[in-house]
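Spelled out, the chains give:
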Amino acid sequence: MLQTANNTTGNQAYSGVGVAFTVNTAVTVSQLGIFDSGQDGFSSTLTTDLLTSGGSLVASQTFSLAVPGTLVGDYRFIAITPVVLTAGSSYVLVGYGFT
């Protein structure tokens, strides 16, 4: 999970932030989430993409004021059609739309 430094509310001046990872054991992903710095929803549209390491889209979810998702800790989650991530494969999880 991605965190802001020193628990400071996010004020990023860039569009996307992400993390690359390799799956050790096959796992089913049924939700995608994105960081909510103030735990108060979003004033703009944000998107989370799950990609293969080669850049192919595996799953995507959009968050907005109207559809903020469920808050769990500092993150909001929305269900997706479940996808299985293959053991030994690498993926990238990216959040877009930060202003």
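Treat the numbers as computed from the prediction; the structure is a model and nothing was measured. (Residues numbered from 1 in each chain as written. Predicted model: local features only at pLDDT ≥ 70, side-chain atom pairs only at ≥ 80, totals over all residues. Heavy atoms only, no water.)

1. Topic: the overall build of the protein
- Helix and strand counts for the protein stand at 0 helices and 7 strands.
- Going residue by residue from the N terminus, the α and β elements of the protein occur as β-β-β-β-β-β-β.
- Burial statistics for the protein: of 99 residues in total, 30% are counted as buried.
- The long-range share in the protein, meaning contacts at least 24 apart out of those at least 6 apart in sequence, stands at 70%. (Helix = DSSP H or I, 4+ residues; strand = E, 2+ residues; numbered from the N terminus. Buried < 20%, exposed > 50% of the residue type's maximum accessible area, 1.4 Å probe, protein only. Contact = heavy atoms within 4.5 Å.)

2. Comments concerning the packing of aromatic side chains
- Applying the stated criterion across every chain yields a total of 3 aromatic pairs.
- Summarising the aromatic geometry, the rings of Phe35 and Tyr75 are spaced 5.3 Å apart at their centres and angled 70 degrees between planes, so their arrangement reads as edge-to-face. Residue Phe35 is found in strand 2 (residues 27-35), and its partner Tyr75 is found in strand 6 (residues 75-85); the two are separated by 40 residues along the sequence. Here the two residues Phe35 and Tyr75 agree in accessibility, since each one is buried. (Phe/Tyr/Trp six-rings, centres within 6.5 Å; stacked < 30°, edge-to-face > 60°.)

3. Comments concerning the side chain of Arg76
- Counting through the fold element by element, Arg76 comes out in strand 6.
- Residue classification places Arg76 among the buried residues on the basis of a relative accessible area of 9%.
- Side-chain polar atoms of Arg76 contact the backbone oxygen of Gly69, separated by 3.3 Å. (Polar contact = N/O pair within 3.5 Å; in protein donor to acceptor, adjacent residues only side chain to side chain.)

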